Structures are given as structure tokens and as C-alpha cells.
Amino acid sequence: MTSQADDRVSIGFDPGRDKCGIAVVRENGNVLEAAVVPSEQAIDTLKSTCRTYRVDRIVIGDRTTSKQWERDICEALPDLEIARINEHNSTLEARDRYWKMNPPRGLSRIIPQGMRVPPRPIDDIVAILLVERYLSRH
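Predicted, not measured: the structure shown is a model, and the values here were computed from it.

Enquirer: I'm lost on the pattern of salt bridges in this one. Help?
Expert: Here the idea is simple: oppositely charged side chains can pair when their charged atoms come close. Applying the stated criterion to the full structure yields nine salt bridges. Of the charged contacts, one joins aspartate 123 and lysine 19 as a salt bridge, the two residues approaching to 3.5 Å between their closest N and O atoms. Remark: lysine 19 occurs in strand β2 (residues 19-26) and aspartate 123 occurs in helix α4 (residues 123-137); sequence separation between them is 104 residues. Classification of lysine 19 as partly exposed rests on a relative accessible area of 34%. In this structure, arginine 84 engages glutamate 70 in a salt bridge whose closest nitrogen and oxygen atoms are separated by 3.1 Å. Of this pair, arginine 84 sits in strand β5 (residues 81-85) while glutamate 70 sits in helix α2 (residues 66-76); the two residues are 14 residues apart in sequence, bridging distant segments of the chain. Look at the salt bridges and you will find they share partners, linking Glu27, Arg57 and Glu81 into a network.

Given below as C-alpha cells:
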């Protein structure tokens, strides 16, 4: 991680029971970093990210376990704004984004995109989409 002291950013947070997606996104939409972390490491990762960047807010998805995560984040980072955003269809959208970023090769190209399963968790891409949704509305 490199410090972007003069650039304020949002953190996208896709909460989950086992793993969480975290993305650091500038106001202009540029993604500075994104990762999928085990849930037990998520709060420490958020704290570390907030020390590295000038974070304006955390944009959190409103579904799976989000209320408990929001309480935990407020306790760990009390001065940080939390914006809840509808994450309806975000996983499907993230799957499409994954395949645009990583076009299939070889025989997998003939499999319809809707039937392809990304070879890795895409919670980080969901986190990016959550910030994009927030920024498009504000």
C-alpha cells in the first residue's frame, strides 16, 4: 500500500460470514487496491487501510450480516462515516465485471458467460461496485 495523503477515498466493504471484500476507490472511480480477506481479519484490514489513506467513508453493502458489521466498524473506527448501499444483484454484476477484466481463454470461451464461475472469490469486485453505486448517487 502506498499513501495517497492528498487524495480522499472511499472504502467499499462487502460483508460476509466467512470472507469480506474490501476496495479502496478514489472519488474519480480509480481503484487503488482491492482484496478479499477472511472475516476475522476485516476490521484490522479496515484500520490499516484508514491509516494508509485519507478515507472519507466506508460504503457497506446492506445484506448479509451488514448490521452487525456496521456496529463493529463503528466501534473500531468511530469517526468514520458509514454509508449503506443496496447490494441487490451486486454478485451477478461482479461476476460479469470479472469476466470483462479476465476474458476466458481456450475452450472456456464457448461456455455462455452466465454459466461461467470465476475461479476465485469476487467479493473485492463487489466492494468496488458498492462504491461506484454510492458515487453515482452522490
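Still more ground to cover, so stick around.
Enquirer: Help me out: how do you make sense of the environment of threonine 65 in this one?
Expert: Counting through the fold element by element, threonine 65 comes out in the loop between β4 (53-61) and α2. The sequence separation of threonine 65 and glycine 16 amounts to 49 residues, and the corresponding C-alpha distance is 6.3 Å. In this structure threonine 65 touches Pro15, Gly16 and Arg17, once residues within four positions along its chain are discounted.

Enquirer: Would you explain the packing of helix α3 (residues 90-101) against α4 in this entry?
Expert: Helix-helix packing: each pair is described by the crossing angle between the helix axes and the interaxial distance. Where α3 contacts α4, the two axes come as close as 9 Å, and the packing angle between them is 110 degrees. With respect to α4, the element α3 is oriented roughly perpendicular. Residues Ser90, Thr91, Glu93, Ala94, Arg97, Tyr98 and Met101 of α3 pack against Ile125, Val126, Ile128, Leu129, Glu132 and Arg133 of α4. Tallied by class, the residues present in the contact of α3 with α4 amount to seven nonpolar, two polar and four charged.

Criteria and cut-off values
Residues numbered from 1 in each chain as written. Predicted model: local features only at pLDDT ≥ 70, side-chain atom pairs only at ≥ 80, totals over all residues. Heavy atoms only, no water. Salt bridge = Lys/Arg side-chain N within 4 Å of Asp/Glu carboxyl O. Helix = DSSP H or I, 4+ residues; strand = E, 2+ residues; numbered from the N terminus. Buried < 20%, exposed > 50% of the residue type's maximum accessible area, 1.4 Å probe, protein only. Contact = heavy atoms within 4.5 Å. Axes fitted to C-alpha atoms, helices over the stretch in contact; angles between N-to-C directions. Parallel < 35°, antiparallel > 145°, perpendicular 65-115°, else oblique. Nonpolar A, V, L, I, M, F, W, Y, C, P; charged D, E, K, R; others polar.

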